[in-house]
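Spelled out from the first residue to the last, the chains are:
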Amino acid sequence: MTGRPAPAVLPPSLRVWLGLIAALAALVIVVLGVLYAGHSEPGRVDARIWAAVDGVGPPWRYVALATDFLGEPVGAATLVVATVTGCLLLRRPRAAVLIVAGVGMTVGTATLLKSLVGRTIHGDNLSYPSGHTAFVTALALMVALLATGRLGLGKAAGTLLVLAAALVAGAAMGWAQVALGAHYPTDVLGGWCTALAVIPATAWLVDRMADWLVDRMADAGRPERR
């Protein structure tokens, strides 16, 4: 008896593609981290983008503030609880575990990178990568993975859905962070890539651990041979 009690959170058809994307994202994180380590000023690309979107007025500023709230502790906790509850109602306990583990790993990785890179904004505020962008992108990725599994999407459609969800969520939060002056644009890119690098690996680990537990329980339930 080696069957799974729940579908894999990382669909087998997406493992290779998402693995390659995760590796590329990790490379981008490292390159940007090296380029901006210890900096406290925007780079050339940052300055151009920032000049175009920084300091937006009403009503877009209210939209940016509402979006930013989703990455704050209260807003983020609300999203996580709602998503985990939805997974449990859909009888997807493995997906619920991924949500909790994925958020923890993504936020933890972003926090660690901030300390290692040491890039600052508005004084001593560590900025690279954007934790808000990493969190929202990670959550969107995990919901898209759940949808891919439930809908039985193939490699092309599944990959498109996952990347589209990550792009939309990351772009929305990234715009809010830059518009509010909370992050440099390259911080946002680093946060987006952090989610792309962490979530596929976390999903793979959740599947491996869940399968191991299922096999152990199956072995324990087998009668001993005499």
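Residues numbered from 1 in each chain as written. Predicted model: local features only at pLDDT ≥ 70, side-chain atom pairs only at ≥ 80, totals over all residues. Heavy atoms only, no water.

Attention now goes to the packing of aromatic side chains. In total, this model carries two aromatic pairs according to the counting rule given. Pairing Trp50 with Tyr184 gives two aromatic rings, centres 5.2 Å apart and planes at 85 degrees, and the pair type is edge-to-face. With Trp50 in helix H2 (residues 44–53) and Tyr184 in the loop between helix H7 (155–179) and helix H8 (185–221), the pair connects residues that are 134 residues apart, well separated along the chain. For the pair Trp50 and Tyr184, a shared accessibility class is recorded, and that class is buried. Aromatic side chains Trp60 and Trp175 sit 6.1 Å apart centroid to centroid with 85 degrees between the ring planes, which places their arrangement in the edge-to-face category. Of the two residues, Trp60 sits in helix H3 (residues 60–69) while Trp175 sits in helix H7, which places them 115 residues apart along the sequence. Residue Trp175 is classed as partly exposed on the basis of its relative accessible area of 27%. For the cation-ring pair, Arg119 lies above Tyr36, with the distance from its terminal atom to the ring centre recorded as 4.0 Å. (Phe/Tyr/Trp six-rings, centres within 6.5 Å; stacked < 30°, edge-to-face > 60°. Helix = DSSP H or I, 4+ residues; strand = E, 2+ residues; numbered from the N terminus. Buried < 20%, exposed > 50% of the residue type's maximum accessible area, 1.4 Å probe, protein only. Lys NZ or Arg CZ within 6 Å of the ring centre and 35° of its normal.)

All right, on to the pattern of salt bridges then. Inspection of every chain in the model, using the stated rule, returns five salt bridges. Of the charged contacts, one joins Asp211 and Arg94 as a salt bridge, the two residues approaching to 3.3 Å between their closest N and O atoms. Taken as a pair, Asp211 in helix H8 and Arg94 in helix H5 (residues 93–117) lie far apart in primary sequence, 117 residues in all. As far as the burial class goes, Asp211 and Arg94 line up, both buried. (Salt bridge = Lys/Arg side-chain N within 4 Å of Asp/Glu carboxyl O.)

In this structure, Pro59 follows Pro58 across a cis peptide bond, with omega equal to 0 degrees. Between Tyr128 and Pro129 the backbone carries a cis peptide bond, its omega angle lying at -5 degrees. Summarising the element assignment, Pro129 is placed in the loop between strand S2 (125–126) and helix H6 (131–151). For Arg91, which is not glycine, the phi torsion reads 60 degrees and is therefore positive. For Arg91, the location among the structural elements is in the loop between helix H4 (73–89) and H5. A positive phi angle is found at His122, which is not glycine, with a value near 55 degrees. With respect to the helices and strands, His122 occurs in the loop between strand S1 (120–121) and S2.

The next subject is the environment of Leu32. Structurally, the position occupied by Leu32 is in helix H1 (residues 15–36). On a C-alpha basis, the gap between Leu32 and Leu112 in space is 15 Å, while along the polypeptide they are 80 residues apart. With near-sequence residues (within four places) excluded, Leu32 lies in contact with Tyr128, Thr186, Leu189 and Gly190. (Contact = heavy atoms within 4.5 Å.)

Where H6 meets H7, the closest approach of the two axes is 8 Å, and the angle between their N-to-C directions is 160 degrees. Relative to H7, the element H6 is oriented roughly antiparallel. When you trace H6 past H7, the crossing you get is right-handed. Judged by residue contacts, His132, Thr133, Val136, Thr137, Ala140, Leu141, Ala144, Leu145, Ala147 and Thr148 of H6 engage Gly158, Leu161, Val162, Ala165, Ala166, Ala169, Gly170, Met173, Gly174 and Gln177 from H7. Across the contact of H6 with H7, the residue classes break down as 12 nonpolar, eight polar and no charged. (Axes fitted to C-alpha atoms, helices over the stretch in contact; angles between N-to-C directions. Parallel < 35°, antiparallel > 145°, perpendicular 65-115°, else oblique. Left-handed = near helix turned anticlockwise from the far one by under 90°. Nonpolar A, V, L, I, M, F, W, Y, C, P; charged D, E, K, R; others polar.)

Right, let's get into the nonpolar core. Counting residues in each nonpolar core, the largest one holds 41 residues, and the members touching the most others are Ile99, Phe135, Leu141, Met142, Leu145 and Val162. Broken down by element, the residue count for this core peaks at 10 residues, all from H6. Dropping the residues within four chain positions of it, Ile99 is found in contact with Val80, Thr83, Val84, Cys87, Leu139 and Met142. Counting residues in each nonpolar core, the second largest holds five residues, with Trp50, Ile121, Tyr184 and Val188 among its members. (Core = buried A, V, L, I, M, F, W, Y, C linked by side-chain atoms within 4.5 Å.)

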